[in-house]
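# Structure at a glance
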Amino acid sequence: MVDAVNGDKLSRIRDPHVAPLNELVATWRRDHAMVPWFDPDDGGVRARLLILMESPAPRTMRAGGSGFCSGDNPDPSNRLLSSLRGTHGPPRSDCLKWNIVPWAVLDDAGGARSPSALELAEGGAMLHDVLSRATDVEVVLTLGRPALAGYMGYLTAEPGRRLLPVVAAPHPSQRNARGRDDAVRRIETAFTAVSTHLRAHSRQTASSHRDDRNRP
């Protein structure tokens, strides 16, 4: 059963800012049924920050799950991440949330497992399609070691891929319970750094446009 919030999101997956990305998802679902939709409440192709995590939680794509890669998903990791971004990070309209392996990675019992090197490589190729459409992305925030390793693998898999500043922080999951305070602090610091960078870049761009208009 789709609840009202996710039903509303589902009605907007073809909105202009997410349509090019969700067209990719529709294609990928032919081979990977457990790929979630991009959230229309995020920035879509207009986003300036890519928030890259590991892989979707299996429950996201099961009956009763949201079916979206979304900070609104009702699990502890997403609740924490959304809270920290709301306090320290750029506005949601500047953000695009995704996973380096965009389908739920399952073990033989149907539970979550860590992605393999082959899965990270396949996910990296799919990420290339995402960034080919989300061309306004200026910074990548990776959360967790698999996301960082997968992104770096994507970056060096082929020559000519666009170099972007990368900020790495821990995954906001219960797996980090022993170092919870440190993990939260590092995610806060990462969001603050990204926000500062994007604000500075916006000022530089505005100044450059003014200079261009003032030239004879």
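Notes on the structure follow.

Definitions and limits used
Residues numbered from 1 in each chain as written. Predicted model: local features only at pLDDT ≥ 70, side-chain atom pairs only at ≥ 80, totals over all residues. Heavy atoms only, no water. Salt bridge = Lys/Arg side-chain N within 4 Å of Asp/Glu carboxyl O. Buried < 20%, exposed > 50% of the residue type's maximum accessible area, 1.4 Å probe, protein only. Helix = DSSP H or I, 4+ residues; strand = E, 2+ residues; numbered from the N terminus. Contact = heavy atoms within 4.5 Å. Pairing = 2+ DSSP bridges. Axes fitted to C-alpha atoms, helices over the stretch in contact; angles between N-to-C directions.

Quick look at the pattern of salt bridges now. The tally for this structure, following the rule as stated, stands at twelve salt bridges. Between Arg 12 and Asp 8 there is a salt bridge, with the nearest N and O atoms lying 2.9 Å from each other. When its relative accessible area of 18% is taken as the criterion, Arg 12 is described as buried. Across the pair Arg 92 and Asp 39 runs a salt bridge whose closest N-O atoms are separated by 2.8 Å. One end of the pair, Arg 92, is in the loop between helix 4 (76–88) and strand 4 (95–99); the other, Asp 39, is in the loop between strand 1 (37–38) and strand 2 (49–53), with 53 residues separating them in the sequence. Via salt bridges that share partners, Asp 8, Lys 9, Arg 12, Asp 39, Asp 41, Asp 42, Asp 72 and Arg 92 belong to a single interconnected network.

Of note, Pro 172 is situated in the loop between strand 6 (166–169) and helix 7 (180–214). With relative accessibility at 1%, the residue Pro 172 sits in the buried group. With 28 residues separating them along the chain, Pro 172 and Ala 200 place their C-alpha atoms 27 Å apart. Those residues within four positions of Pro 172 in sequence are excluded, and the remaining contacts are Met 53, Pro 76, Ser 77, Leu 80, Leu 81, Leu 143, Arg 180 and Ile 187.

Neighbouring strands of a sheet are bound in pairs by backbone hydrogen bonds; such pairs are parallel or else antiparallel. Spatial strand order, 4-2-5-6: four strands in an open sheet with parallel pairing. A strand with exactly one partner marks an edge of an open sheet, and here the two such strands are strand 4 and strand 6. Pairs of neighbouring strands in the sheet enclose a mean axial angle of 20°, with direction left out of account. Both strand 5 (residues 139–143) and strand 6 contribute to a ladder of four bridges, which runs parallel.

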